[in-house]
Amino acid sequence: MLLGLLAFATVGLFLVVLLVKYMRRSKVRHVEISALQFLPELSEARQSRVRWQVSTPLRSPLFWLRFLILLTLLAILLLDGVLVPTKNAPAFGVLVAVDHSPSMAVGRPTRLQLANEMADKIVQHVTAQGGCSRVVAVPHTTPSNGVGDAGVSPIAMMHALSAALEDGSCHWTHLAVVSDLPKPPFFALSDARGQEVVAEGEALAADPLWFQVGEPEANSALTGADFKAAGLGGDGARLSLNIARFGDANSDLSLVVTGPKGQILSPDAPVDLGKGQEASVSYAVSEPGTYQAELEETGEFALDNRLALSIGAMSVLPIALDSDVSAGPLANLARQMAPVVGAERDDAVRIGLYSDQDGLGERGIYLVRGEAQGVNALGYFQKDSPLLEAVDLDLLEALKPRGLERLPEGFRSVAAGADGKVWIAVRAGAHPAVLMPEPAGGLVNANLADAQHLTWLVAFINAYRFVNQDRQPLLDVSHVDASGARLENLAYESDTAKPLGSNPELDDIQPVSMIGEAQSPLWPWLALVAIILLVAERFVALRLSGGRTA
Amino acid sequence: MISLRPNPFDPATLDDICVKARKAFATSGSGAFLRRKLGQSLEYREHRSYVFGDDVRHIDWRASLRHGRPDEFLVRSFEAEEQFQLLVIVDGSATMRAGMEDPHRVSKLEAALWICEALGHIAGNEAIGIGFASLGELSSRDRVSFVQGGQIGEAFAHFSQGLWSSKAPKGREEVSIGAELSRLKQSSVTIFITDFYRTNTAQAALEEAVQLASRGYRQAVVCELNSWPTERAILRDDIVSLGAVGAAAERSGAFQASGPDLTAAEDAIQAQRDGYAQALNRGGVVHFAWDFPDRPGFDAMAEGFRLRFHDFLLASELFGRVG
C-alpha cells in the first residue's frame, strides 16, 4: 500500500515537472532570414526572458508522447487488479443429445429413426464447418430395444448430458437436443456432476438448439389414481382411476381392474370412455392389497396403460378415549386428529390415564397424572427418539412431570428425571404404546391453546405418530409393465400428440467466439502501450535533436 | 521541401482586380495594352523641336513660322502602336528562397511565382504574349519564348516547377543577360521580381539588365519583394538560430534580437534599398516596393498578397501610363 502510494506520488510529480518544464521551455526556432547578411551580431537569449507559454507544450509532439507515457504509468498504478476477460479463438463444438425415451419408439418410421437422421445432418453440417461433434443418447440405452427403459424429462436429459460435457476432447459451444418433446421454457443442468461442469454447461443449456421430431400420434394413458378411505358413517372405500386422452379421441378403449385376489371389479357407474379428454372411473373396494388396472387401446404407446395400485388400509386409525379424558381440551384435540370411536374397536388408538401395568396392553397413549413434588428437574433424554423431535427439553423439565417409580414391562425410557423416575416411555411391537405426563394443570383445566403447553402438544402429537407408524400407506400407485416391473418417469411420455414446433436452421449454427471464464490482468497491456510510446518518443526525439531544436 | 502552395487568388477575383485597375486610368478601354513606338506610319504624334539627324522632310514649315522662333524648327513625328509583350523575370537567388522549408512562412520565391501566375492569367485574358524567365537562365544561348492563350498555363507550370525545385547557386550568382533583353521589341514590358539584397557585381548586373529592358520605348517594372517586416517580427518574437542563406554563414545558437539589433539591421537594409532605388530611378523604369506583412504565416501573407497585387497592377502601368 505504501509502495503504491509512493509510486503514484512519484509519477504524479514527474507529470507536474514535465508540464512546468515544457511551459517554461524557451523554444529555439531555426529560421532562414533572407536579410541575414545585414544582421549585426545578435544578443544571446537569456533564460530570464523565457516566458510561461501554454501553447508551447500543446504544440510539441514530444510533450504529448511523454505526457502519455506518464499517464499510462499512472493508469498502471490506478488499474492494478483490474482484470479483463480473455477472448478465445472461434470454436465450434456441438453436443447432440438424442432422446431415447420410450415414446421415441412411436411412429413409422419411428421417432428415434427420425431423430438419428436429424443428428446425422447436424453432425455433417458441423464437420463441414470444421467443428467437432458428439452424439449422446439420453437416457443411456440398452442394446436390446434401442430405447431407454424409462421415460425421461428435459431435466433428466441434462443429468445424462453432464457426463458428456466432461469430455475434454472438444470445446462445446452448442448443445443440440433432438427429441419428440417441444422445447421447454426452462432447461436447467443438474449439478450432480460437479459445479465446474454445471458452470460450463449452464451457458449451453440456457439456450439449447432444440429439434423436435415425430408427427403427433393419438394416445390414451392411465395417469394416476385416487383413494377415498372408508368413512365413519359406513360409506365404503372408493378407488378412482384417471384416464387422459391425447390427440384425436380413440373410441376403442376398455379398462379392466382386478382385485387382490384376481377378481374383476365393476365400476360404480358405467362411464363412456370414448368421450372427453379426461375421464375418471370409480370402483368400490373392500380390502387392502394390490389391485391391477389395465387400459386397452389401439394406440402404439402402451407403457402407460398399466397401473399397480397398492392399498394399505381401508381407513385411518380412530381414537378411543377413556372415560377420564372423554371431556375437556384433550378430547377436543383428539377429535381434530382422528375419528373418535368407542373403546370396543380393536384398531383404535386408546388415550387414557395410566393406572397400572395391566392397563397398558392396547395400542395407545397413556398419561401419568399429577405433578411431581420436590423432584430434581434435571432430566436425561434419549436424544434420537422420535418422541422428542422438536420438543423443547428445557420446557419439558420446567413442567416438572411426575415420573413413574419403575419402567413398565416392555417399555423403554425416553426421558427420565435425575431421581431415576421415568417421564416418557415407549413400547414398540404389535401394540405400540406411549407413557407420558398429562398436561400441566390437569386434563380438565389445561388450556392447550396456551403457549406454555406447546412443548406438551408437540410431544403428544409425536406420541400419536409413534403409535401409528406401523400402519401401511393408504395408496401407492405406479406404472408397471406386463411382468409387473415398476416403470418410472412415464409422465412426460404419454402425450405423444404434441404438435411439431419449428426447428432451427442448420445454417444458423455457426462457430462462435467464446469469451472465456479466464481473466487476465490489464496492467501488462498498459505496460506494452507505455513501451510503444517510449519507443516512439525516442524516435521523434532523435529526429528532432538532429534537426531544428537546440 | 514543401510544395508550391496554390495562388491565393481564384480566377474570378483576379478578373475583378483587372477591371478595377482599368477603371483607374482615364485611357482605359480598348488599346490599354498597346504600346507606342516611333514609326513611319501616318499616325501623327506631336510637333517637337528639330534636332540634328531628323529628316528635314518632316519639318512643318507652317507650324514653325507660327511658332515665331526663327532659329527653331518644328518637325512632325509619327508613331505606330502594337500590342506589347510581357516578360516576367524572377530572381531565383538564395535570399529569395529563404524560408522555403518552413511551412508556416511564405518565401519570396513563392510569392514571386504567385505573381507570375496571376500575370499569366491576365495575359491569357488580354491575348498578349508572355514569357517567363529567371535571372540565372538568361544566357546568350537561351531564347525566351513568348506564349499566348492556353499555352500560358503549361508554360508557367513548367517554369515554376523548374525554378521551385532547383537550388540557388552557391555564392553570388551573376545575371547572364546576354543578348536576350536587347532583342526585346520596343513595345515590350519586362517585370523584374526580386529583392534588393544582391550586392556588388550581382547588383550591377541586375541594374544593367533593367537598363537594357527599359531602353528606347521599352518599359521595365521592378517589383521589389521586401520581406523584412515579416523577418523582423520573427526576430522580435522568437528565440532563433539562423540558418545559412547564400553566402551568409549559419549562426547556430539561441539568439534574441534586441531593439538596437533590429534598428541596426533595418538601417543597413534601408541603405541597400536606397542604393537600388537611386540606380533605378530613370525613365522607363517603374519601381514598386511590395512589403510583406509584419507577422509570419501563410494566411497573413495570402491576405496581404490580395491587397498588394491590386496596387502593383496600378503602379506597373500595364493598363495605361500614369499622367
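So, here is what we can say about the structure in this document. (Residues numbered from 1 in each chain as written. Chains lettered and ligands numbered in written order. Predicted model: local features only at pLDDT ≥ 70, side-chain atom pairs only at ≥ 80, totals over all residues. Heavy atoms only, no water.)

### Considerations on the nonpolar core
All names here are of chain B. The biggest cluster of nonpolar side chains holds 48 residues, and the ones touching the most others in it are Ile-115, Leu-119, Ile-193, Leu-225, Trp-290, Phe-309 and Phe-312. At eleven residues, the largest contribution of residues to this core is made by helix 4 (residues 108–126). Other than its neighbours up to four places away in sequence, Phe-312 contacts Ile-115, Leu-119, Ile-191, Val-221, Cys-223, Phe-288 and Trp-290. (Core = buried A, V, L, I, M, F, W, Y, C linked by side-chain atoms within 4.5 Å. Buried < 20%, exposed > 50% of the residue type's maximum accessible area, 1.4 Å probe, protein only. Helix = DSSP H or I, 4+ residues; strand = E, 2+ residues; numbered from the N terminus. Contact = heavy atoms within 4.5 Å.)

### A few points about the sheet that holds strand 5 (residues 130–134) of chain B
Residue and element names in this part refer to chain B. Read across the sheet, five strands follow the order 5-4-6-7-10 without closing on themselves; strand pairing throughout is parallel. With one partner strand each, in any of the chains shown, strand 5 and strand 10 (285–291) form the two edges of the open sheet. Direction aside, the axes of adjacent strands within the sheet are offset by 15° on average. By the bridge criterion, five bridges tie strand 4 (residues 86–90) to strand 5 in an arrangement that is parallel. In the strand pairing of strand 5, Leu-87 is matched with Gly-131. Where helix 4 meets the sheet, its contacts fall on strand 4, strand 5, strand 6 (189–194), strand 7 (219–226) and strand 10, and the angle it forms with strand 4 comes to roughly 170°. Helix 5 (residues 151–165) contacts strand 4 and strand 5 of the sheet and is inclined by roughly 5° relative to strand 5. (Pairing = 2+ DSSP bridges. Axes fitted to C-alpha atoms, helices over the stretch in contact; angles between N-to-C directions.)

### Some remarks on the pattern of salt bridges
Enumeration over the complete set of coordinates arrives at 22 salt bridges over all chains. In this structure, Arg-306 of chain A and Glu-294 of chain A form a salt bridge, with 2.8 Å as the shortest nitrogen-oxygen distance. Taken together, the positions of Arg-306 of chain A in strand 13 (residues 306–311) and Glu-294 of chain A in strand 12 (residues 289–296) put the pair twelve residues apart, joining distant regions of the chain. Here Arg-308 of chain B and Asp-311 of chain B are joined by a salt bridge, their closest N and O atoms 3.4 Å apart. Of the two residues, Arg-308 of chain B and Asp-311 of chain B are both situated in helix 9 (residues 298–316); the distance of three residues between them amounts to about one turn of the helix. Given the relative accessible area of 31%, Asp-311 of chain B is considered partly exposed. Here the salt bridges share partners, and the residues they tie into one network are Arg-29 of chain A together with Asp-102 and Asp-238 of chain B. (Salt bridge = Lys/Arg side-chain N within 4 Å of Asp/Glu carboxyl O.)

### Some words on the interface of chain A and chain B
At the junction of the two partners, chain A supplies 23 residues and chain B supplies 41 residues. Regarding the contact of chain A and chain B, the summed buried area is about 3000 Å², with carbon and sulfur atoms giving 57% of it. When the buried area of chain A at its contact with chain B is split by residue, Arg-29, Glu-32 and Phe-38 of chain A rank highest and sum to 24% of it. One salt bridge in this structure joins Asp-102 of chain B and Arg-29 of chain A, with 3.1 Å as the shortest N-O distance. Viewed at the interface, chain B and chain A are joined by 19 residue pairs in polar contact (both at pLDDT 80 or more). Its residues assigned to classes, the side of chain A that touches chain B shows eleven nonpolar, five polar and seven charged. In the sheet, strand 1 (residues 28–31) of chain A pairs with strand 8 (residues 239–242) of chain B via four bridges, with the strands oriented parallel. Along strand 8 of chain B, the bridge assignment pairs Arg-29 of chain A with Val-240 of chain B. (Buried area = accessible area lost by both parts, 1.4 Å probe. Polar contact = N/O pair within 3.5 Å; in protein donor to acceptor, adjacent residues only side chain to side chain. Nonpolar A, V, L, I, M, F, W, Y, C, P; charged D, E, K, R; others polar.)

### A few points about the side chain of Asp-261 of chain B
Tracing the backbone shows Asp-261 of chain B in helix 8 (residues 259–280). At a separation of 2.9 Å, a polar atom in the side chain of Asp-261 of chain B contacts the side chain of Ser-258 of chain B. Each residue touching Asp-261 of chain B, except ones within four places of it in the same chain, is listed here: Pro-40, Glu-41, Leu-42 and Ser-43 of chain A together with Gln-256 of chain B.

### Observations concerning the sheet that holds strand 9 (residues 254–258) of chain A
All names here are of chain A. Pairing is antiparallel across the open sheet formed by six strands, whose spatial order is 10-9-12-13-22-23. Both edges of this open sheet fall to strand 10 (264–265) and strand 23 (486–487), since each of them pairs with a single strand only. By the bridge criterion, two bridges tie strand 9 to strand 10 in an arrangement that is antiparallel. Looking at the pairing, Val-257 lines up with Leu-265 of strand 10.

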